[in-house]
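Below, each chain spelled out in residue letters.
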Amino acid sequence: FYKDVVVWLPALLLWLTWLCVRALQPLPGGGVVWTLVLLGVSGVLRAVVPIAAPMTAWSFSRDTRLGSLAASSDLMKHLLEPLGSMYFDDLQSLCLRLVSTFTPLAVAAHTSKLVRDPKAALAAGLLLACSPHHLRFSASDSQFIPSMLWTSSAFVCLYASIQARHLVSRIVHGFAFTGLL
């Protein structure tokens, strides 16, 4: 059950959202507001830019690990059952677009750990959210966009584990770090 992408991906994205809220907390208005702004800008731009850039000579002929996990998920099959059938390419594109929407949050949290400046973290997240290259490849059949989320999240876990004051927090972030590797 815990190995199913429908379980661990939303858990990762929620945890990442919480880390971004904490990173942007010192800004006027609070971390929740700025995280929602960042997520909103990222989501809206990815919804209105429908072009998926194929990365091979045969468009959408390869699959990504995330797409394969989503397609083989029993929970995903039950969730999609009322909608009828869904092509693998569409499911993969949907999963990659979801991951790319949350990538600016990971970059913002990562930047805040590096420079310890919430304004710089917000700027980094917004720059990535609005980046034409990131938008263009958000739903492409490559591992480039998900790798940005995994790597930034892994570094955030590592920094959080090192900086944690409580042993339990160190252990939780440490296990999350090893899980992302």
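Observations regarding the overall build of the chain
(1) Moving on: Scanning the chain for helices and strands turns up nine helices and zero strands.
(2) Moving on: In terms of C-alpha radius of gyration, the chain reaches 17 Å, essentially the compact-globule figure of 16 Å for 181 residues.
(3) Moving on: The principal-axis extent of the C-alpha atoms belonging to the chain is close to 45 × 35 × 30 Å.
(4) Moving on: Every one of the 181 residues in the chain was classed for burial, and the buried ones make up 42%.
(5) Moving on: For the chain, contacts bridging at least 24 residues in sequence account for 73% of all contacts bridging at least 6.

A closer look at the layout of surface pockets
(1) Moving on: Put simply, the largest pocket is a space of about 520 Å³.
(2) Moving on: Lining the largest pocket are 18 residues, with Arg22, Ala23, Ser112, Lys113 and Gln163 positioned closest to its centre.
(3) Moving on: When contributions to the lining of the largest pocket are tallied by element, the ones reaching two or more residues are α1 (5-24), α5 (88-115), α8 (144-163) and α9 (167-180).

Observations concerning the packing of α1 against α8
(1) Moving on: It is the contact of α1 with α8, at a shortest axis distance of 12 Å, that shows an interaxial angle of 55°. As far as their axial angle goes, α8 and α1 are oblique. Both α1 and α8 take part in a crossing whose hand is left-handed. In contact with Trp8, Leu9, Leu12, Leu13, Trp15, Leu16 and Leu19 of α1, α8 contributes Leu149, Trp150, Ser153, Val156 and Cys157.
(2) Moving on: Of the residues that constitute the contact of α1 with α8, the class distribution is 11 nonpolar, one polar and no charged.

Some thoughts on a nonpolar patch on the surface
(1) Moving on: On the surface, Leu167, Ile171 and Phe175 cluster together into a nonpolar patch covering about 350 Å² of accessible area.
(2) Moving on: Here Phe175 lies in helix α9.

Overview of the nonpolar core
Side chains of a nonpolar character, in soluble globular proteins, are inclined to be buried together.
(1) Moving on: Counting residues in hydrophobic clusters, the biggest one holds 30 residues, and the most contacted among them are Leu9, Leu66 and Leu149.
(2) Moving on: Only α1, α3 (65-72), α4 (74-80), α5, α6 (118-130) and α8 provide two or more residues apiece to this core.
(3) Moving on: In this structure, Leu66 is in contact with Val5, Trp8, Leu9, Cys95, Leu96 and Val99, ignoring residues within four places of it in sequence.

Let's talk about the packing of aromatic side chains
(1) Moving on: Across all of its chains, the model carries two aromatic pairs by this definition.
(2) Moving on: Ring plane angle 55° and centroid distance 6.1 Å describe the contact between Trp8 and Trp150, whose orientation is recorded as tilted. Linking Trp8 in helix α1 with Trp150 in helix α8, this pair joins segments that are 142 residues apart in sequence.
(3) Moving on: Its relative accessible area of 21% is what places Trp150 among the partly exposed residues.

The rules behind the values
- Residues numbered from 1 in each chain as written.
- Predicted model: local features only at pLDDT ≥ 70, side-chain atom pairs only at ≥ 80, totals over all residues.
- Heavy atoms only, no water.
- Helix = DSSP H or I, 4+ residues; strand = E, 2+ residues; numbered from the N terminus.
- Rg over C-alpha atoms; globule rule 2.2 N^0.38 Å.
- Buried < 20%, exposed > 50% of the residue type's maximum accessible area, 1.4 Å probe, protein only.
- Contact = heavy atoms within 4.5 Å.
- 1 Å grid on protein atoms, 1.4 Å probe; cavity = no way out; pocket = protein on both sides within 12 Å on 5 of 7 lines; lining within 4 Å.
- Points joined across faces, edges and corners; volume = space filled by probe spheres on them.
- Axes fitted to C-alpha atoms, helices over the stretch in contact; angles between N-to-C directions.
- Parallel < 35°, antiparallel > 145°, perpendicular 65-115°, else oblique.
- Left-handed = near helix turned anticlockwise from the far one by under 90°.
- Nonpolar A, V, L, I, M, F, W, Y, C, P; charged D, E, K, R; others polar.
- Patch = residues over 30% accessible without salt bridge, like charges linked within 9 Å, V, L, I, M, F, W, Y side chains within 5 Å.
- Areas by Shrake-Rupley, 256 points an atom, 1.4 Å probe, with all protein chains shown as cover.
- Salt bridge = Lys/Arg side-chain N within 4 Å of Asp/Glu carboxyl O.
- Core = buried A, V, L, I, M, F, W, Y, C linked by side-chain atoms within 4.5 Å.
- Phe/Tyr/Trp six-rings, centres within 6.5 Å; stacked < 30°, edge-to-face > 60°.

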